[in-house]
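# Chains, contacts and geometry: an overview
So the chains spell out like this:
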Amino acid sequence: MELDNQTWVPEFILLGLSSDWDTQVSLFVLFLLMYLVTVLGNFLIVLLIRLDSRLHTPMYFFLTNLSLVDVSYATSIVPQLLAHFLAAHKAIPFLSCAAQLFFSLGLGGIEFLLLAVMAYDRYVAVCDPLRYKVIMHGGLCTRLVITSWVGGSINSLVHTAITFQLPMCTNKYIDHISCEILAVVRLACVDTSSNEIAIMASSIVLLMTPFFLVLLSYIQIISTILKIQSTEGRRKAFHTCSSHLTMVILCYGMAIFTYIQPHSSPSVLQEKVMCLFYAVLTPFLNPMIYSLRNKEVKGAWKKLLGKFSGFLSKLAT
């Protein structure tokens, strides 16, 4: 009974990035601007794909889901982070902390799975272009996306449940910017080796397995591109993968750099930087990468802006 009484912590205190007021105000302004651009940019990408029939293809169907995941991931962390920059008491209620962990962990897993799905799509487009429409039909694309969402959500639900069943005793100070799973597990006053094993196992399933699938896809893609005789053909084939490859390098590169190191597990500072990278920087860059490096998207933007200009001209006359 005494242990049961110790498991309930009504709220947690997030220590955040800095205790200096001027630094917090500067970070508030920076992250607020990045968050607004993130939300606007990703929703404009989704809207553009919906409005332009030329973008109704598997690649942009997956991109729509990726943009929604990015916005949702950022929203699960950034608004609370912004509020805490200006708050004296940086508390987060127990249930809010659990909800934040569930959504951020789930959406992170969904993003890695979606990137693997998109790699398979690019593999079929480059290595088997004549059968692309037959292979990547609507039913398969829908099932792949549903599998990604369900897989990430189930993994997150299991980890959230077992993490918040741990007795926290009187520990309530989380040395992090959000309720990240490793930071919460560290608060437990019991042996957490089984939780750490479970976290490692899920990391292998939702991080390393998709990474190796992406790696195998791009080995085949590069091999096929090198066999193309014309320089223009190789350039076009590579161009179809460039935006996705950029996102893959950013997302998987940061995770591997942080966790696959010869020394021990990542430091608290590295965990905070990694969380900021996925919650702030990646969603911020996603619409730019797919807009600036993609001819179809740039063409769709020009067409949409042309229609909008024409509409304004008619109103003016």
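Keep in mind the model is a prediction, meaning the values are calculated, not measured.

### Examining the overall build of the chain
The helix and strand tally for the chain stands at 11 helices and 3 strands. Helices and strands in the chain line up, N terminus first, as α-β-α-α-β-α-α-α-β-α-α-α-α-α. A buried classification covers 46% of the 317 residues belonging to the chain. Per element, the accessible surface of the chain, about 16,400 Å² overall, is 70% carbon and sulfur.

### Looking at the UniProt feature "transmembrane region" (unreviewed entry) in the chain
In this numbering, the UniProt entry assigns the feature "transmembrane region" (unreviewed entry) to residues 25–48, 60–78, 98–120, 140–158, 197–219, 240–261 and 273–292. The span residues 60–78 carries 100% helix and 0% strand; its end-to-end C-alpha distance comes to 26 Å. Note that residues 197–219 is 100% helix and 0% strand, and that its end C-alpha atoms are spaced 31 Å apart.

### Brief notes about a nonpolar patch on the surface
Together, Ile146, Val150, Ile154, Val158 and Ile162 make up a nonpolar patch on the protein surface, roughly 400 Å² of accessible area in all. For Val158, the location among the structural elements is in helix H6 (residues 138–163). Residue classification places Val158 among the partly exposed positions, given a relative accessible area of 45%.

### Some points on the pairing of strand E1 (residues 11–14)
Here 3 bridges tie E1 to strand E2 (residues 91–93), and the two strands are oriented antiparallel to one another. Bridge pairing in E2 places Glu11 opposite Pro93. Where E1 and strand E3 (residues 173–174) come together, 2 bridges link them in parallel fashion. Each bridged residue has a counterpart across the sheet, and for Leu14 the counterpart in E3 is Ile174.

### Comments concerning the pattern of salt bridges
Tallied over the entire structure, the rule returns 6 salt bridges. In this structure, Asp128 engages Arg131 in a salt bridge whose closest nitrogen and oxygen atoms are separated by 3.0 Å.

### Some points on the state of the cysteines
Scanning all chains against the criterion turns up 1 disulfide. Paired by a disulfide, Cys97 and Cys179 hold their sulfur atoms 1.9 Å apart. Disulfide Cys97 to Cys179: torsion about the S-S bond roughly -120°, handedness left-handed. You can see Cys97 sitting in helix H4 (residues 94–127) and its partner Cys179 sitting in the loop between E3 and helix H7 (181–185), a full 82 residues away along the chain.

### Thoughts on the environment of Thr38
By the element assignment, Thr38 lies in helix H2 (residues 21–51). Judged by relative accessible area, Thr38 falls into the buried class, the value being 2%. Separated by 29 residues in sequence, Thr38 and Ser67 have C-alpha atoms that sit 9.4 Å apart. Apart from residues no more than four positions distant in its own chain, Thr38 is found in contact with Val71, Ala74, Val280, Pro283 and Phe284. Within polar-contact distance, the side chain of Thr38 engages the backbone oxygen of Met34 at 2.7 Å.

### A short note on the nonpolar core
Membership of the largest hydrophobic core comes to 67 residues, with the highest contact counts inside it found for Phe31, Met136, Tyr252 and Tyr278. Per-element accounting of this core gives the leading share, 13 residues, to helix H3 (residues 58–85). If we skip the residues at most four places from it in the chain, Phe31 touches Leu17, Val78, Leu81, Leu82, Phe85, Leu276 and Val280. In terms of nonpolar packing, the next biggest core, distinct from the first, is built from 20 residues, Leu14, Phe94, Leu166 and Ala188 among them.

Thresholds, definitions, all that
In this numbering scheme, every chain counts its residues from 1 along its sequence in written order. With pLDDT at 70 or above as the cut-off, local features in this predicted model cover only qualifying residues; side-chain atom pairs require 80 or more to be listed or tallied, and sums for whole chains, interfaces and linings still use all residues. With hydrogens and water stripped out, all remaining heavy atoms of the structure feed into the side-chain values. In DSSP terms, a helix is any run of H or I states spanning at least four residues, a strand is any run of E spanning at least two, and both are numbered starting from the N terminus. Partly exposed residues are those whose accessible area sits between 20% and 50% of the maximum for their type, while under 20% is buried and over 50% is exposed, using a 1.4 Å probe and protein chains only. Note on areas: Shrake-Rupley, 1.4 Å probe, and residue coverage restricted to the protein chains presented here. UniProt positions are given in the numbering used here, feature names are shortened, and annotations may be inferred rather than shown by experiment. Patch membership needs two things, relative accessible area over 30% and no salt bridge, and members are linked within 9 Å if like-charged or within 5 Å if nonpolar (Val, Leu, Ile, Met, Phe, Trp, Tyr). Each salt bridge in this description consists of a side-chain nitrogen of Lys or Arg and a carboxyl oxygen of Asp or Glu lying within 4 Å of one another. Note: two strands are recorded as paired if DSSP finds a minimum of 2 bridges between them. Whenever a pair of cysteine sulfur atoms sits within 2.5 Å, that pair is classed as a disulfide. In what follows, residue pairs with any heavy atoms lying within 4.5 Å of each other are defined as contacts. Think of a polar contact as two N or O atoms within 3.5 Å of one another; within protein, one of them needs to be a possible hydrogen donor and the other a possible acceptor, and neighboring residues in sequence only count if both atoms come from side chains. Take the buried Ala, Val, Leu, Ile, Met, Phe, Trp, Tyr and Cys residues and link them wherever side-chain atoms come within 4.5 Å; each set so joined is a nonpolar core.

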